[in-house]
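# Structural overview for review
This is what each chain is made of:
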Amino acid sequence: MNLELTPEDQKRIRMNVMKVHDLLQEKHGRLVRDGKKGPLDELVFTILAQNTTPLHSQEAFERLKKKFRNWEGLMAAPVGEISSAIQKGGLNHTKALRIRRILGRIYRDRKELSLDFLREMEEAQALKYLLSLKGIGVKTASHVLLYSLNRPVMPIDTHVERVSKRLGWVWNHAPLEAVQEVIHCVAPRYLVLSLHSQLMKHGRVTCKVKNPRCPRCVIRACCDFYKKKVGICT
Ligand code: SF4
């Protein structure tokens, strides 16, 4: 997309992004996920996380790891067996089928079950490979790049999208692609991982879809939605 942000817009949004990040970090502390996963584990974990809570996806991932000694074991297992191990996470049959298909594809491509080869690739190339896996979209691919390969690619989850729009970083009806492009354009690369974690937590606990808790929100002074609500001119 060609967003055509003026240098003034970029500067204004960048300052807002950094302020929001710092205030959220002050409130939540540093949010660093324990036990960084390798890219294949992260991919499976992110598939399991689709349409469910973090708690259920974590449980489903641990159950898979316990039931199958390795990904080769899972690839050879009947779909029903995989599906029953991840029952609690929802959409279990679809996810089981998807994971097994993807493992099969990686094995055919690489003769081993590993995505470590992505570490050697340019960001765009690694993204292209991930998107070529059936059932993997930009959000899931971005998670793998950000969380397991340390590439500054912002996954636009529903919480990130909602909070970014309410803050006024992008217009209300902006497509996900535009939200990602604005954040990539203004956020310092070193901040993307932490910013993503902070926005996710803020969206879950404070800036909820219905009834956002604006009066208690630590970033309300940075928020267009709040300013409009209480009648402050921006
Ligand atoms: S002030 Fe309200 S709408 Fe704005 S970020 Fe905070 S909770 Fe969300």
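Here, the structure is the one placed above.
Quick notes on the rules
Residues numbered from 1 in each chain as written. Predicted model: local features only at pLDDT ≥ 70, side-chain atom pairs only at ≥ 80, totals over all residues. Heavy atoms only, no water. Axes fitted to C-alpha atoms, helices over the stretch in contact; angles between N-to-C directions. Helix = DSSP H or I, 4+ residues; strand = E, 2+ residues; numbered from the N terminus. Parallel < 35°, antiparallel > 145°, perpendicular 65-115°, else oblique. Contact = heavy atoms within 4.5 Å. Nonpolar A, V, L, I, M, F, W, Y, C, P; charged D, E, K, R; others polar. Buried < 20%, exposed > 50% of the residue type's maximum accessible area, 1.4 Å probe, protein only. Near = heavy atom within 4 Å. Salt bridge = Lys/Arg side-chain N within 4 Å of Asp/Glu carboxyl O.

## A short note on the packing of helix H9 (residues 158-167) against helix H11 (residues 192-205)
The geometry of a pair of packed helices is captured by two quantities: the angle between their axes and the separation between those axes. Viewed as axis vectors pointing N to C, H9 and H11 meet at an angle of 85 degrees, and their least axial separation amounts to 8 Å. Taken together, H9 and H11 sit at an angle that is classed as roughly perpendicular. From H9, His159, Val160, Arg162 and Val163 reach across to H11, where they touch His196, Leu199, Met200, His202, Gly203 and Arg204. Broken down by class, the residue content of the contact of H9 with H11 amounts to 4 nonpolar, 4 polar and 2 charged.

## Regarding the side chain of aspartate 41
Position of aspartate 41 among the secondary structure elements: in helix H2 (residues 39-48). Setting aside residues up to four positions removed in sequence, aspartate 41 forms contacts with Phe61, Lys65 and Trp71.

## Details of the environment of arginine 220
Along the polypeptide, arginine 220 turns up in the loop between H11 and helix H12 (224-230). Look at arginine 220 and you get partly exposed, because its relative accessible area is 33%. Considered as a pair, arginine 220 and valine 192 are 28 residues apart in the sequence and their alpha carbons are 21 Å apart. Among all residues touching arginine 220, those that are not within four sequence positions of it are Cys214, Pro215 and Tyr226.

## Quick word on the site of the ligand
Near the ligand, the surroundings consist of Arg166, His202, Cys207, Pro212, Cys214, Cys217, Ile219, Arg220, Cys223, Phe225 and Tyr226. Considered class by class, the residues forming the shell around the ligand number 8 nonpolar, 1 polar and 2 charged.

## Section: the pattern of salt bridges
Evaluation of the coordinates by the stated rule reveals 6 salt bridges. Residue aspartate 9 is joined to arginine 12 by a salt bridge in which the shortest nitrogen-to-oxygen separation is 3.3 Å. Taken together, the residues aspartate 9 and arginine 12, both in helix H1 (residues 7-28) and 3 residues apart, mark about one turn of the helix. Taking relative accessible area as the criterion, arginine 12 reaches 47% and is therefore assigned partly exposed. Two residues, lysine 65 and aspartate 41, come together in a salt bridge whose shortest N-O distance is 3.0 Å. Within this pair, whereas lysine 65 is found in helix H3 (residues 54-67), its partner aspartate 41 is found in helix H2, the two being separated by 24 residues in sequence. Take lysine 65: its relative accessible area is 38%, and that puts it in the partly exposed class.

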